[in-house]
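A structural walkthrough
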Amino acid sequence: MGYSIMKEDAAKTQSHINCIDAGSDNCPCYLAVTGDCLVCSRLQGKDCCECGWTGVCVYNEFIQGNKRVNNPRKDFEAEIIDQKFYKEDLVVYGLHVGKGFAMKASRPGSYLFARAGNTDRFYDIPLSVMKTDVEEGNIYLAVKIISAKTKALIEEKNKLILRGPYRSGIHGISSITGNKAINQKVLIIAKGIGIAPGVLVSQVLGNKANVDMVIDTEKISKEFIKDFIDTRQCADASEEDKNAYTGIQYISLADKGAGSRLEKLVKKNNYDSVILLVSDYYIENLGNIIKRVLPAAGLAVSNNFHICCGEGLCGSCSVNTSGGESIKMCKCRLKGEELLNNFSKLNTVASVSFPYCGEYAEE
Ligand SMILES: Cc1cc2nc3c(=O)[nH]c(=O)nc-3n(C[C@H](O)[C@H](O)[C@H](O)COP(=O)(O)OP(=O)(O)OC[C@H]3O[C@@H](n4cnc5c(N)ncnc54)[C@H](O)[C@@H]3O)c2cc1C
Ligand code: FES
């Protein structure tokens, strides 16, 4: 199917926003075709270039590529090689996806859509890539079973239909991607199934960075943590935790005093980056603590918006800006602080003011 429907006089509908897919092998995307590219003023219908991007020109790629979507992500079948229940509502899948896909999915913050082989597309579930084994061409996903979509998924024993990978599972992740992570002190704070993307971050940072984790095991289990996290010595671990799994502290975030415990930990270790893989409520509360105690630290937060297509098309993840525009949170690439600064507004009103960027965030 061709998606070449852009007209020369396409209406301008977008301002410049950093796009998670820009310059990647999935760029130009569907939004380029309709004149809604997040970053390219030419593709938004203007007659001049205002993007400030020094990498591959999105407009040029689009024209050279015959005005089509580059490398559209497509559904494919993945064999289930392992399915292990840790609780009756927590299951981990091992899937054979091939080396190429496993390699692409290794980027921290990657997620994909999954559904059972015999279900329709509206059963698609966004799921974080938890672990990859590129040599074997396998990936691992952890699923918390809640309602219709996840219940349908676990009925399937042979194959899942996947589509992806998508890159925006964690906003602000660029502060620890590639060589920027080297020698950084990183703290991951995760609650419940939020640990899934945290496992991939800790796997990828491996020997590059010094990673500590604070985990609230509500709705998951320590056995699950033990199976998937390569633990190391953490100076602040309690004696009990040191004996069990090192590198990790277990803190119930809802407990009285959890905030001050975290504040002490953060102050003492002076982290370069903190990654919050928690609900919106804790992103706001803990994020404000981190920014107060360590204003210079990089902040990354999980993308908790409702994501249904991941392509900037369906609108389920949209928020409206104070300027009256609609921003698709599955496509834009924000810093953790940018999201945090708008958080209370995101949760309470439909009108937020985002910083518009004429340049791409550093990779
Ligand atoms: C980027 C991303 C990564 C995720 N990673 C994981 C993961 O690794 N493991 C995991 O178990 N869950 C993950 N989720 C959440 C998961 O997609 C939902 O729990 C699932 O869609 C619930 O479907 P349901 O029909 O079982 O339950 P529902 O009753 O439909 O929903 C249960 C809860 O999930 C929320 N939800 C439903 N659909 C979506 C959606 N399309 N996007 C976001 N939230 C939704 C609902 O608002 C509700 O809070 C992730 C979500 C996102 C956006
Ligand atoms: S999930 Fe469809 S537009 Fe973002």
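Counting restarts for each chain: residues are numbered from 1 in the order of the written sequence. The naming scheme follows written order: chains are lettered A onward, ligands numbered 1 onward. Selection of residues for local features in this predicted model requires a pLDDT of at least 70, selection of side-chain atom pairs for listing and counting requires 80 or more, and totals for whole chains, interfaces and linings are taken over all residues. Neither water nor hydrogens contribute to the side-chain values; these are computed over all heavy atoms in the structure.

Description of the sheet that holds strand β8 (residues 170-171)
For the record, the criterion: Strand pairing follows a simple DSSP-based rule, namely that at least 2 bridges must link the two strands. Runs of E in the DSSP output that reach at least two residues are strands. Runs of H or I that reach at least four are helices, and both are numbered from the N terminus. Any two residues having at least one pair of non-hydrogen atoms within 4.5 Å are treated as being in contact. Fitting a line to C-alpha atoms yields each axis, with helices limited to the stretch in contact; the angle taken between N-to-C directions then spans 0 to 180 degrees.
Pairing in this open sheet of six strands is mixed, and the strands run β8-β13-β12-β9-β10-β11 from one edge to the other. Strands with a single pairing partner mark the edges of an open sheet, and in this sheet they are β8 and β11 (248-250). On top of the sheet, helix α8 (residues 258-269) reaches β9 (185-191), β10 (210-216) and β11; it is set at about 165° to β9, its chief contact.

Some points on the pairing of strand β13 (residues 298-302)
Stated precisely, the cut-off is as follows: Exposure is judged per residue with a 1.4 Å probe applied to protein chains only, and the accessible area is read against the type maximum: over 50% gives exposed, under 20% gives buried, and values in between give partly exposed. Whether a crossover is right-handed comes down to one check: with the strands pointing away from the viewer, does the path from the first strand over the helix to the second run clockwise; if it does, it is right-handed.
Burial within β13 is extensive, with five of its five residues counted as buried. Note that the unit made of strand β12 (residues 273-277), helix α9 (residues 280-293) and β13 has a crossover that is right-handed.

Description of the side chain of Asp216
Inclusion rule: Residues adjacent in sequence count toward polar contacts only when both atoms are side-chain atoms; beyond that, a polar contact is any pair of N or O atoms within 3.5 Å, and within protein one must be able to donate a hydrogen and the other to accept it.
Secondary-structure assignment places Asp216 in strand β10. A polar contact of 3.0 Å, which involves the side chain of Asp216, links it to the side chain of Lys191. With near-sequence residues (within four places) excluded, Asp216 lies in contact with Ala190, Lys191, Gly192, Ile251, Ser252, Leu253 and Ala254.

Structural notes on the packing of α8 against α9
Stated precisely, the cut-off is as follows: Crossing handedness is read from the near helix: turned anticlockwise from the far helix by less than a right angle, it gives a left-handed crossing, and turned clockwise, a right-handed one. Each residue is assigned to one of three groups, with Ala, Val, Leu, Ile, Met, Phe, Trp, Tyr, Cys and Pro labelled nonpolar, Asp, Glu, Lys and Arg labelled charged, and all others, Gly among them, labelled polar.
Remark: α8 packs on α9, axes separated minimally by 10 Å, with the N-to-C direction vectors making an angle of 35°. α9 is crossed by α8, and the crossing has right-handed handedness. In contact with Gly259, Leu262, Glu263, Val266 and Lys267 of α8, α9 contributes Leu286, Ile289, Ile290, Arg292 and Val293. Residue classes in the contact of α8 with α9 are distributed as six nonpolar, one polar and three charged.

Things to note about the site of ligand 1
To be explicit about the condition: Any residue with a non-hydrogen atom lying within 4 Å of a molecule or strand is treated as near it. Note on areas: Shrake-Rupley, 1.4 Å probe, and residue coverage restricted to the protein chains presented here.
Taken together, 20 residues sit near ligand 1, with Lys144, Lys149, Thr150, His306 and Ile307 positioned nearest. Between Ser128 and ligand 1, the recorded distance is 3.0 Å, taken from a side-chain N or O atom to a nitrogen atom. Relative to its free-state accessible area of 850 Å², ligand 1 is covered by the protein chains to the extent of 75%. Put simply, the parts of the chain that give the shell around ligand 1 at least two residues each are β4 (125-128), β6 (138-144) and α4 (148-155). Looking at the shell around ligand 1 element by element, the count peaks at four residues for β4.

Focus on the pattern of salt bridges
Where we set the bar: Here a salt bridge means any side-chain nitrogen of Lys or Arg lying within 4 Å of a carboxyl oxygen belonging to Asp or Glu.
For the coordinates displayed, the defined rule picks out 21 salt bridges. The partner of Asp25 in a salt bridge is Arg167, with the nearest N and O atoms 3.0 Å apart. Within this pair, whereas Asp25 is found in the segment before α1 (30-33), its partner Arg167 is found in the loop between β7 (159-166) and β8, the two being separated by 142 residues in sequence. Using a relative accessible area of 31% as the deciding quantity, one classes Asp25 as partly exposed.

Examining the confidence of the model for the protein chain
To keep things clear, this is the line we draw: The pLDDT value tells you how sure the predictor is about a given residue, anywhere from 0 up to 100.
Overall, the prediction assigns the protein chain a mean pLDDT of 85, with 84% of residues at 70 or greater. Mean pLDDT values over the elements of the protein chain span from 44, in helix α7 (residues 239-244), up to 98, in β4. Within the model, the stretch residues 240-246 combines pLDDT values under 50 with 18 contacts to residues more than four positions away or in other chains. Counting contacts from residues 354-363, a segment whose pLDDT is below 50, to residues more than four positions away or on other chains yields 40 contacts.

Things to note about the packing of aromatic side chains
Applicable threshold: Ring geometry is summarised as follows: Phe, Tyr and Trp rings, the Trp one being its six-membered ring, pair when their centres sit within 6.5 Å, and such pairs are stacked at plane angles under 30 degrees, edge-to-face over 60 and tilted between the two. Two thresholds decide whether a charge sits over a ring: the Lys NZ or Arg CZ must be within 6 Å of the ring centre and within 35 degrees of the ring normal.
Here the structure, examined in full by the defined rule, presents 10 aromatic pairs. Here the aromatic rings of Tyr86 and Phe228 are separated by 6.4 Å at their centres, their planes lie at 65°, and the arrangement is edge-to-face. With Tyr86 in strand β1 (residues 76-87) and Phe228 in helix α6 (residues 222-228), this residue pair connects regions lying 142 residues apart in the sequence. Accessibility assignment for this pair places Tyr86 and Phe228 in one class, buried. Measuring from ring centre to ring centre gives 5.7 Å for Phe224 and Phe228, while their planes differ by 45°; the resulting arrangement is tilted. With Phe224 and Phe228 both in helix α6 and four residues apart, the pair spans about one turn of that helix. Among the aromatic residues, those joined into a cluster by ring pairs are Tyr86, Tyr140, Phe224 and Phe228. For Arg42, the ring lying beneath its charged end belongs to Tyr59, and the centroid distance is 4.2 Å. It is Lys131 that lies over the ring of Tyr140; its NZ or CZ is 5.3 Å from the centre.

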